[in-house]
Amino acid sequence: SEDTVRLWNPATGKEVARLNAAPTLVSLAKDGSVYVVDGDKVRVWLPTTNTTRKLPPTTIPEGATPTAIAVNPDGRSFALGFE
(Lines give C-alpha, C1' and ligand atoms only; values in the text may rest on other atoms or scores of the structure.)
Protein backbone atom coordinates (compact mmCIF):
# COMPACT_ATOMS: atom_id res chain seq x y z
CA SER A 1 0.00 0.00 0.00
CA GLU A 2 1.03 3.62 -0.12
CA ASP A 3 1.89 3.84 3.58
CA THR A 4 3.68 0.54 4.28
CA VAL A 5 6.30 -1.82 2.93
CA ARG A 6 5.26 -5.45 3.34
CA LEU A 7 7.03 -8.77 2.82
CA TRP A 8 5.23 -12.06 2.26
CA ASN A 9 6.23 -15.69 2.36
CA PRO A 10 5.79 -16.80 -1.26
CA ALA A 11 5.00 -20.39 -0.27
CA THR A 12 2.20 -19.55 2.17
CA GLY A 13 1.12 -16.12 0.95
CA LYS A 14 1.23 -14.85 4.54
CA GLU A 15 2.66 -11.49 5.50
CA VAL A 16 5.90 -11.93 7.47
CA ALA A 17 7.02 -8.33 8.06
CA ARG A 18 5.76 -4.77 7.73
CA LEU A 19 7.42 -1.36 7.89
CA ASN A 20 5.18 1.64 8.40
CA ALA A 21 6.61 4.17 5.98
CA ALA A 22 5.49 5.98 2.87
CA PRO A 23 8.41 5.10 0.59
CA THR A 24 9.18 6.64 -2.76
CA LEU A 25 11.75 3.92 -3.61
CA VAL A 26 12.49 0.45 -2.22
CA SER A 27 15.26 -2.01 -3.03
CA LEU A 28 15.95 -5.47 -1.65
CA ALA A 29 19.49 -6.56 -0.83
CA LYS A 30 20.79 -10.10 -1.16
CA ASP A 31 21.29 -10.31 2.63
CA GLY A 32 17.56 -9.70 3.23
CA SER A 33 17.82 -6.05 4.19
CA VAL A 34 15.55 -3.52 2.54
CA TYR A 35 16.72 -0.05 1.50
CA VAL A 36 13.88 2.46 1.77
CA VAL A 37 13.92 6.01 0.40
CA ASP A 38 11.28 7.98 2.27
CA GLY A 39 11.20 11.62 1.16
CA ASP A 40 14.64 13.02 1.95
CA LYS A 41 15.75 10.08 4.13
CA VAL A 42 17.24 6.66 3.45
CA ARG A 43 16.70 3.82 5.91
CA VAL A 44 17.93 0.26 5.99
CA TRP A 45 15.24 -2.08 7.32
CA LEU A 46 16.04 -5.55 8.63
CA PRO A 47 12.73 -7.42 8.47
CA THR A 48 14.02 -10.43 10.44
CA THR A 49 14.54 -8.25 13.53
CA ASN A 50 12.14 -5.44 12.54
CA THR A 51 14.85 -2.84 13.13
CA THR A 52 15.77 0.17 11.02
CA ARG A 53 18.95 2.16 10.66
CA LYS A 54 18.71 5.72 9.40
CA LEU A 55 21.53 6.84 7.15
CA PRO A 56 23.00 10.35 7.51
CA PRO A 57 20.83 13.20 6.24
CA THR A 58 23.54 14.09 3.70
CA THR A 59 22.92 10.77 1.90
CA ILE A 60 20.47 12.64 -0.34
CA PRO A 61 21.69 16.07 -1.44
CA GLU A 62 19.45 18.95 -0.43
CA GLY A 63 16.77 19.63 -3.04
CA ALA A 64 17.46 16.42 -4.99
CA THR A 65 14.68 14.00 -5.92
CA PRO A 66 15.77 10.34 -6.04
CA THR A 67 14.32 8.46 -9.00
CA ALA A 68 16.16 5.12 -8.78
CA ILE A 69 17.98 2.97 -6.24
CA ALA A 70 20.29 -0.01 -6.68
CA VAL A 71 21.93 -2.04 -3.90
CA ASN A 72 25.28 -3.77 -4.35
CA PRO A 73 24.87 -7.55 -3.89
CA ASP A 74 27.24 -7.46 -0.90
CA GLY A 75 24.86 -5.00 0.83
CA ARG A 76 27.74 -2.67 1.74
CA SER A 77 26.86 0.09 -0.68
CA PHE A 78 24.06 1.44 -2.81
CA ALA A 79 23.53 4.01 -5.53
CA LEU A 80 20.81 6.59 -5.99
CA GLY A 81 19.79 8.18 -9.28
CA PHE A 82 18.48 11.74 -9.26
CA GLU A 83 16.47 14.02 -11.52
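A.B. asks: Report on the overall build of the chain, specifying residues and quantitative values.
C.D. replies: On a plain count of helices and strands, the chain comes out with zero helices and eight strands. For the chain, the α and β elements follow one another from N to C terminus as β-β-β-β-β-β-β-β. A globule of 83 residues ought to have a C-alpha radius of gyration of about 12 Å, and the chain, at 13 Å, matches this closely. By principal-axis analysis of the C-alpha atoms, the chain measures approximately 40 × 30 × 20 Å. The 83 residues of the chain split such that 30% are buried. Long-range pairs, those at least 24 residues apart, make up 22% of the contacts in the chain with a sequence separation of at least 6. Put simply, the chain shows about 5600 Å² of open surface, and 51% of that area lies on carbon and sulfur atoms. Here the chain holds 9 positive side-chain charges and 9 negative ones, and the gap between their average locations is 9 Å.

A.B. asks: Let's hear about the sheet that holds strand β5 (residues 41–46): which residues, and what values?
C.D. replies: Pairing within the open sheet is antiparallel, and its four strands lie in the order β3-β4-β5-β6. Both outer strands of the open sheet, β3 (25–28) and β6 (51–54), are each paired with one neighbouring strand and no more. Taking each pair of neighbouring strands and ignoring which way they run, the sheet shows an average axis angle of 20°.

A.B. asks: Pulling in residues and values, what's your account of the nonpolar core?
C.D. replies: Counting eleven residues, the largest nonpolar core is built from Leu-25, Ala-29, Tyr-35, Val-37, Val-42, Val-44, Leu-55, Ile-60, Ile-69, Val-71 and Leu-80. Going through the elements one at a time, β4 (34–38), β5 and β7 (66–71) are the ones with two or more residues in this core. Listed in part, the seven residues of the second largest apolar core include Val-5, Leu-19, Ala-21 and Val-36.

A.B. asks: How would you sum up the side chain of Ser-33? Please name residues and give values.
C.D. replies: Mapped onto the elements, Ser-33 comes out in the loop between β3 and β4. In this structure the side chain of Ser-33 is engaged in a polar contact, spanning 2.6 Å, whose partner is the side chain of Asp-31. Not counting residues up to four positions away in its chain, the partners in contact with Ser-33 are Ser-27, Leu-28, Val-44, Trp-45, Leu-46 and Pro-47.

A.B. asks: Please set out the pattern of salt bridges residue by residue, giving values where relevant.
C.D. replies: In total, this model carries three salt bridges according to the counting rule given. The partner of Arg-43 in a salt bridge is Asp-38, with the nearest N and O atoms 3.1 Å apart.

The rules behind the values
- The numbers attached to residues start from 1 for each chain and follow its sequence in the written order.
- Totals for whole chains, interfaces and linings use all residues, but because this is a predicted model, local features are given only for residues with pLDDT of at least 70 and pairs of side-chain atoms are given and counted only at 80 or more.
- Values shown for side chains rest on all heavy atoms present in the structure; no hydrogens or waters enter the calculation.
- Secondary structure is summarised from DSSP: a helix means a run of H or I of at least four residues, a strand means a run of E of at least two, and numbering begins at the N terminus for each.
- In this setup the radius of gyration rests on C-alpha atoms only. A globule is expected at 2.2 Å times the number of residues raised to 0.38.
- Between buried and exposed lies partly exposed: a residue is buried under 20% and exposed over 50% of the maximum accessible area for its type, with that area taken using a 1.4 Å probe on protein chains only.
- What makes two residues a contact is simply this: any of their non-hydrogen atoms within 4.5 Å.
- Per-residue accessibility takes into account occlusion by the displayed protein chains alone, with areas from the Shrake-Rupley method and a 1.4 Å probe.
- For the charge count, each Lys or Arg is scored as positive and each Asp or Glu as negative, with His and the chain ends excluded.
- Where a charge sits is defined by one atom per residue type, namely NZ (Lys), CZ (Arg), CG (Asp) or CD (Glu).
- In this scheme, strands are said to pair when DSSP sees at least two bridges between them.
- To define axes, lines are fitted to C-alpha atoms, for helices over the stretch in contact only, and angles between the resulting N-to-C directions are given on a 0 to 180 degree scale.
- Nine residue types can take part in a nonpolar core, namely buried Ala, Val, Leu, Ile, Met, Phe, Trp, Tyr and Cys, and a core is a set of them joined through side-chain atoms within 4.5 Å.
- Polar contact criterion, stated in full: a pair of N or O atoms within 3.5 Å, where within protein one must be able to donate a hydrogen and the other to accept it, and residues adjacent in sequence count only if both atoms are side-chain atoms.
- Here, a salt bridge means any side-chain nitrogen of Lys or Arg that lies within 4 Å of a carboxyl oxygen of Asp or Glu.

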